[in-house]
Amino acid sequence: MKIAISGLSGCGNTTACNNVGKTLGLKGINYTLRNVADEVGIPLVEIHHLAAKNPEVDCALDFKLTTLASREPNCIVGTRLAGWVIDADLSVWLQASLAKRSERIASREGKNLQEVMDETNKRDKHNIARFKKLYGVDTLHHDHFDLVVNTERLSQEQVAALIVAAAKLAENNWERPKNPYPEAI
């Protein structure tokens, strides 16, 4: 089984990926711009600026992500575009308000809430425009996702439990059309 989990910053993508992966015994693949920034030794904000100017950054990231995922028949992939770039057995979109996402990010990074909210809102707008321009993907539309989870009022455990339940249903009785996006991307 292959599961793709996507969502904007602060929705709980990484946490859900880790929790669901542990529960189902699936290898987690979560390769993001944060990983790229760490690998090249520059701050995350700089890699975002670089990606905005140079589409090769996103293309290289998504190529690496799809390559890693293609080597694992049973895995869980958690990134912004996982639901678009991976042909998964179950695709999940996590959502939460800008305020809640910013609160989570500020808490984990020890930053000022208003500054994080401004940064996150700006980054969301840039990412949405960038992915639309680069791939023709509108990350505000989730019609092809199998499950949309509002993480606003749910605990990490509840989010994971919903995804695990959907995965078990998908594994046992699921007729899912092929994701049209990976070939286009």
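Here, the structure is the one placed above.
All of the points below concern the structure found in this document.

What counts as what
Residues numbered from 1 in each chain as written. Predicted model: local features only at pLDDT ≥ 70, side-chain atom pairs only at ≥ 80, totals over all residues. Heavy atoms only, no water. Buried < 20%, exposed > 50% of the residue type's maximum accessible area, 1.4 Å probe, protein only. Helix = DSSP H or I, 4+ residues; strand = E, 2+ residues; numbered from the N terminus. Pairing = 2+ DSSP bridges. Axes fitted to C-alpha atoms, helices over the stretch in contact; angles between N-to-C directions. Parallel < 35°, antiparallel > 145°, perpendicular 65-115°, else oblique. Left-handed = near helix turned anticlockwise from the far one by under 90°. Contact = heavy atoms within 4.5 Å. Nonpolar A, V, L, I, M, F, W, Y, C, P; charged D, E, K, R; others polar.

**Concerning the pairing of strand 1 (residues 2-7)**
Here's step 1: The buried fraction of strand 1 is high, at six of six residues.
Here's step 2: Across the two faces of strand 1 the burial is the same, with Lys2, Ala4 and Ser6 and Ile3, Ile5 and Gly7 all buried.
Here's step 3: By the bridge criterion, four bridges tie strand 1 to strand 3 (residues 75-78) in an arrangement that is parallel. The residue bridging Ile5 from the neighbouring strand is Gly78, located in strand 3.
Here's step 4: The sheet contact formed by strand 1 and strand 4 (residues 90-95) spans five bridges and is parallel. The residue of strand 4 that forms the bridge with Gly7 is Leu94.

**Quick look at the packing of helix 6 (residues 98-109) against helix 7 (residues 113-135)**
Here's step 1: Interaxial distance between helix 6 and helix 7 falls to 9 Å at its minimum, and their mutual angle equals 120°. Classified by the angle their axes make, helix 6 and helix 7 are oblique. As for the relative orientation of helix 6 and helix 7, their crossing is right-handed in sense. Where helix 6 approaches helix 7, its residues Leu98, Ala99, Arg101, Ser102, Glu103, Ile105 and Ala106 are matched on the opposing element by Leu113, Val116, Met117, Thr120, Asn121, Arg123 and Asp124.
Here's step 2: In terms of residue class, the contact of helix 6 with helix 7 is made up of seven nonpolar, three polar and four charged.

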